[in-house]
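Here's the letter readout for the chains.
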Amino acid sequence: MATVSVAGFSIVRNATLLDFPLEASVGSVLPVVDEFILAVGRSDDDTLARARAIGDPKVRIIETAWDAARGIAVLADETSRALQECRAPWAIYIQADEVFADGGADRMRAAIERADPDSRIEGITVDYRHFYGGFDTLAANRKWYRREIRAVRTGREYGIRSYGDAQGFRAGDASRRVRCIASDAVMHHYGWARPVQAIAAKRAEDTAIDPIARRRDVERPLLPWIPGLRPFAGEHPAIIRPWIASRTEQRVTIAPRRLEPHHLRLAASGWIERLTGWRPFEYRNYTLITPD
């Protein structure tokens, strides 16, 4: 049976200062792709050396310079640039603080194979586990997306590009939501589980490109308590376990519980979701369709 050529792509900058698990992130995708485009922004640390040290012939490094004047849009600019370099008809996207759960990349590749004959399908989503304040706690209120697009078609006729802060994608000149099917792949997101010094560096960098939205966070030494936190009792992907093991004494601390007015809405939304399975006011960058 013929198979579909698939690329992988990501962007990264200051991976060491921000303590991104770059090698595990890229490595969780490499076995299922034919090439991997890694756009490395000019950094203040050894990010480029780390990227080169991955040493896999599938990895093609593109050196870039981020335009800080673009604000938060620079993230989408750089992601779209990496996507445009992909030569395969499909591409799997992963951010530098994400790692596929064991078997997840294989499930995504299988979903691409199933979707390819149906031209209506433009993208494929994965389910998310967002780690918060350490590696044994998940954030699960409606502000944390349950699923997001992590595979897209690359053809010009689809016009798919990164959108907003590069969380997801849109299609065409009208920024239409991408038509997707769901996969049974799972992605682990470790961005808010990193050590406190990495979180502080991340907040400072975010403020540099989005000063209004991020200014308050820079003042906080701890992550705020939020509704919807729950323990994680499962396994972390094998590829990232050494990275986690080296950081078990540097866990981010969550501030003591402190109720704020907006927490009531989140708590009510969580209660409805637990009862019905429906998440009120859920934001989506995609439209789920039924495949032929």
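Everything quoted here is computed from the prediction, not taken from an experiment. (Residues numbered from 1 in each chain as written. Predicted model: local features only at pLDDT ≥ 70, side-chain atom pairs only at ≥ 80, totals over all residues. Heavy atoms only, no water.)

Trainee: Would you mind showing me how to read the packing of aromatic side chains here?
Mentor: Applying the stated criterion across every chain, the model contains 10 aromatic pairs. Their ring planes at 25° and their centres at 5.0 Å tell us that F9 and Y93 sit as a pair that is stacked. Linking F9 in strand β1 (residues 6-12) with Y93 in strand β4 (residues 90-93), this pair joins segments that are 84 residues apart in sequence. Residue classification places Y93 among the buried residues on the basis of a relative accessible area of 2%. Taken together, a centroid distance of 5.7 Å and an interplanar angle of 75° make the contact between F135 and W243 edge-to-face. Here the residue F135 occupies a position in the loop between β6 (123-132) and β7 (137-139), and W243 occupies one in helix α7 (residues 241-245), the gap between them amounting to 108 residues. Judged on exposure class, the residue F135 and its partner W243 are both buried. For the cation-ring pair, R13 lies above W66, with the distance from its terminal atom to the ring centre recorded as 5.7 Å. Between R170 and the ring centre of Y163, over which it is positioned, the NZ or CZ distance is 4.1 Å. (Phe/Tyr/Trp six-rings, centres within 6.5 Å; stacked < 30°, edge-to-face > 60°. Helix = DSSP H or I, 4+ residues; strand = E, 2+ residues; numbered from the N terminus. Buried < 20%, exposed > 50% of the residue type's maximum accessible area, 1.4 Å probe, protein only. Lys NZ or Arg CZ within 6 Å of the ring centre and 35° of its normal.)

Trainee: Help me understand the environment of S25 in this model?
Mentor: Considering the arrangement of structural elements, one finds S25 in helix α1 (residues 22-27). Owing to a relative accessible area of 1%, S25 belongs among the buried residues under this scheme. Not counting residues within four places of it along the chain, the set of residues in contact with S25 comprises I94, Q95, A96, E98 and V99. (Contact = heavy atoms within 4.5 Å.)

Trainee: Please clarify how helix α3 (residues 73-84) should be interpreted in this entry.
Mentor: Residues that lie three or four places apart on an α-helix share one face, since the helix turns once every 3.6 residues. Counted at 1.5 Å a residue, the expected span for α3 with its 12 residues is 16 Å, and the 17 Å between its end C-alpha atoms agrees. Inspection of α3 places V74, L75, A76, E78, T79, S80, A82 and L83 among the buried residues, and these make up the whole buried set. (Expected span 1.5 Å × (residues − 1).)

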